[in-house]
Structure formats: C-alpha cells, structure tokens
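Letter by letter, the chains look like this.
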Amino acid sequence: MNQTNEAREALHVSVDVVLLTMVEQQLHVVLLRRAAAPFAGVLALPGGYVHPQEDEDAKASAARVLRSKVGIEGAYLEQLATFSGPARDPRGWSVAVAYCALLPVQNLPADREDISVLPASSLPQLPFDHRAIVDAALVRVRSKSLYSSLPVHLCGETFTLPQLQQIYENILGEPLNKVSFRRKMDEMDWLEAVPGAMQSGAAHRPAQLYRVKPAFKQELALSPRGL
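Here goes a summary of the coordinates provided. Residue numbers restart at each chain and count upward from 1, following the sequence in its written direction. Whole-chain, interface and lining totals are the exception, using all residues; otherwise, since this is a predicted model, local features are given only for residues with pLDDT of at least 70 and side-chain atom pairs are given and counted only at 80 or more. Hydrogens are left out, water is left out, and the side-chain values use all remaining heavy atoms of the structure.

## As for the overall build of the protein
Starting at the N terminus, helices and strands are each numbered in turn, a helix being any DSSP run of H or I of at least four residues and a strand any DSSP run of E of at least two. The number of helices and strands found in the protein is five helices and nine strands. The linear arrangement of helices and strands in the protein, starting from the amino end, is α-β-β-β-β-α-β-β-β-α-α-α-β-β. The principal-axis extents of the C-alpha atoms in the protein amount to approximately 70 × 35 × 30 Å. Looking at the protein as a whole, 44% of its 227 residues qualify as buried. Note on definitions: a residue-residue contact is assigned when non-hydrogen atoms from the two residues lie within 4.5 Å. In the protein, of all internal contacts separated by at least 6 residues, the share reaching a separation of at least 24 is 65%. Areas reported here follow the Shrake-Rupley algorithm with a probe of radius 1.4 Å; residue values treat only the protein chains shown as occluding. In the form shown here, the protein has an accessible surface area of approximately 12,100 Å², with 51% of it arising from carbon and sulfur atoms. The averaged location of the 24 negative side-chain charges in the protein is 5 Å from the averaged location of its 23 positive side-chain charges. When accessible area is computed with a 1.4 Å probe and restricted to protein chains, residues below 20% of their type maximum are described as buried, those above 50% as exposed, and intermediate ones as partly exposed. In this tally Asp and Glu are treated as negative and Lys and Arg as positive; neither His nor the chain ends contributes. Just so you know, the charge point we use is NZ for Lys, CZ for Arg, CG for Asp and CD for Glu.

Take a look at the structure:
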C-alpha cells in the first residue's frame, strides 16, 4: 500500500503550451526562461502543473498558464496531444497535456525580459521533450491550414484578403492561387467585410478590410476540400 501511495505522489500532471505567432512572415514560437529547477535559466515552453481545485479542465489549466506566465488572454487554444513517461522530466514519471495556441504578435506583452520570440525553424535546444511538442504543433498547424480557418488567429482584428493569403502561404511554405483561395474563403463563410473600412497602399488601390464573424471567434471554419 505504501509503495502504491508513493507512486501516486510521484506522478506529475502538467500542461505545456506551444504559443505560435507570425513575425516578418515566419512562424515564431514564444518561449519563457525558466525561473526554477530543473533547467533554471533555460528557455522552455510555457507550462505548469494542473490545479485540481482551480481548473475546470486541462484547457482551463493551459489558459491559466498563458494568463499568469505570459500575460495574455484570448489566444486561440486547442489540445494537441498527451506526452508521458519516466524520461521526459528528471523529477519523475510525468504526464503533460500539450496545447497549441495562436496569437497575433502585437498581442504579446512588451518589455518582458523572460520572454523570447524565436523562429520555429531555428530554435535552441529545449528541455524536457519540448522539441517534440513543438514539432507536433507545427505539423498540426500546417495540416489544418490546408482545410480550415486556423491561420486567421495569427492576424489582427482586421485584415485584407491579400494579408490573410500571405499568412496561409507562410505557414504552408508555398504560393496559393488568388482566385482559388478567395473561393475557398467564400465557401467557408466565416469572414465579413468591415463596413466602410479600407486599407490604403502606396502602390495599389485601397483594399477592403475583413474580420472574423462572431460565431467563429474561437471556432474553426472548415472546407470539405483542401486549399
């Protein structure tokens, strides 16, 4: 009985969040410098233990981690996968429910020395199994960008269709046909024009600004066929 109780006490349940944003047309990952051991002073994914008395579920834990450790609210958030085993954490056998979050870069807090926003393509060595979690998040985001509205959560409150297409192209790593792209956006029916709002450009005529329909603020529009 004592051995069973000790095993239960040694099990660590946490959440880790891959927070993605777009900087200079590249996907970036938001990392925090760890304040405590293990791996004190090392950049890692935002994460923390589940608080059973406070958190309604694991998603609430992830949202709390983003709020308390990164200082943000309102990021798009979806469960990614569960990572577990005796080797991922030097403190013992652990379970981490990983989440993927997307946020426009302008919504990140400024002047935080403990936060680093680094290109997903050139991350430093990460502790625990955080590199595997990041890799899983990138695969998920690129896959879902082929048939859903997921990339819009990297945009600001309003945006033009060319700006949105650029976000898709940056994630997918390839150009998209303008006519086909706009047809897919119309099929999914998740955008609405902002009345009277245009964005002027030095070399182009003013472009209509769009925003996400309220019903899709934290949900995804899906296309039966890929982009």
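From this point, things continue past the structure.
## Considering the pattern of salt bridges
Any Lys or Arg side-chain nitrogen found within 4 Å of a carboxyl oxygen on Asp or Glu counts as a salt bridge. Scanning all chains against the criterion turns up 13 salt bridges. Among the ionic pairs, arginine 112 bridges to aspartate 114, the shortest N-O distance being 2.8 Å. We classify aspartate 114 as partly exposed; its relative accessible area is 28%. Residues joined in a network through salt bridges with shared partners are Asp16, Arg88 and Asp129.

## Concerning the packing of helix α4 (residues 161–172) against helix α5 (residues 178–188)
Packed helices, taken two at a time, are described by their axes: the angle between them and the distance between them. Packing of α4 against α5 leaves a shortest axis separation of 11 Å and a crossing angle of 100°. In this view, α4 runs roughly perpendicular relative to α5, as classed from their interaxial angle. Contact with α4, carried on its side by Leu161, Pro162, Leu164, Gln165 and Tyr168, involves Lys178, Phe181, Arg182, Met185 and Met188 of α5 and no other residues of that element. Axis angles are defined between N-to-C directions and span 0 to 180 degrees, where every axis is a line fitted to C-alpha atoms and, for a helix, only to the segment in contact. Note on terminology: angles under 35 degrees are roughly parallel, angles over 145 are roughly antiparallel, angles of 65 to 115 are roughly perpendicular, and the others are oblique.

## Focus: the pairing of strand β6 (residues 94–102)
Judged by how many residues are buried, β6 sits mostly within the fold: nine of nine residues are covered. On β6, burial covers both faces: Ser94, Ala96, Ala98, Cys100 and Leu102 on one face and Val95, Val97, Tyr99 and Ala101 on the other are all buried. Strand pairing is defined by DSSP finding a minimum of two bridges between the two strands. As judged from the nine bridges shared by strand β1 (residues 12–23) and β6, these two strands associate in the parallel manner. Opposite leucine 20, over in β6, you have leucine 102 as the bridge partner. Where strand β5 (residues 76–85) meets β6, nine bridges bridge the pair, whose relative direction is antiparallel. The residue bridging serine 84 from the neighbouring strand is valine 95, located in β6.

## Here we look at α5
Side chains three or four residues apart in an α-helix point the same way, a direct result of the helix having 3.6 residues per turn. Among the residues of α5, those classed as buried are Phe181, Lys184, Met185 and Met188. One face of α5 carries all of its buried residues, which in axial projection span an arc of 100°. In α5, the exposed positions that point more than 90 degrees away from the buried face belong to Val179 and Asp186. Packed against the buried residues of α5 are α4 and β8 (191–199). Measuring from the backbone nitrogen of valine 179 back to the side-chain oxygen at the start of α5 gives 3.0 Å, which picks out asparagine 177 as the cap. Two residues or fewer after α5 comes aspartate 189, characterised by a positive phi angle close to 55°. An arc is given here, and it is the one of the directions from the helix axis to the C-beta atoms. Counted as a polar contact is a pair of N or O atoms within 3.5 Å, where, for protein atoms, one must be capable of donating a hydrogen and the other of accepting one, and residues adjacent in sequence contribute only when both atoms are in side chains.

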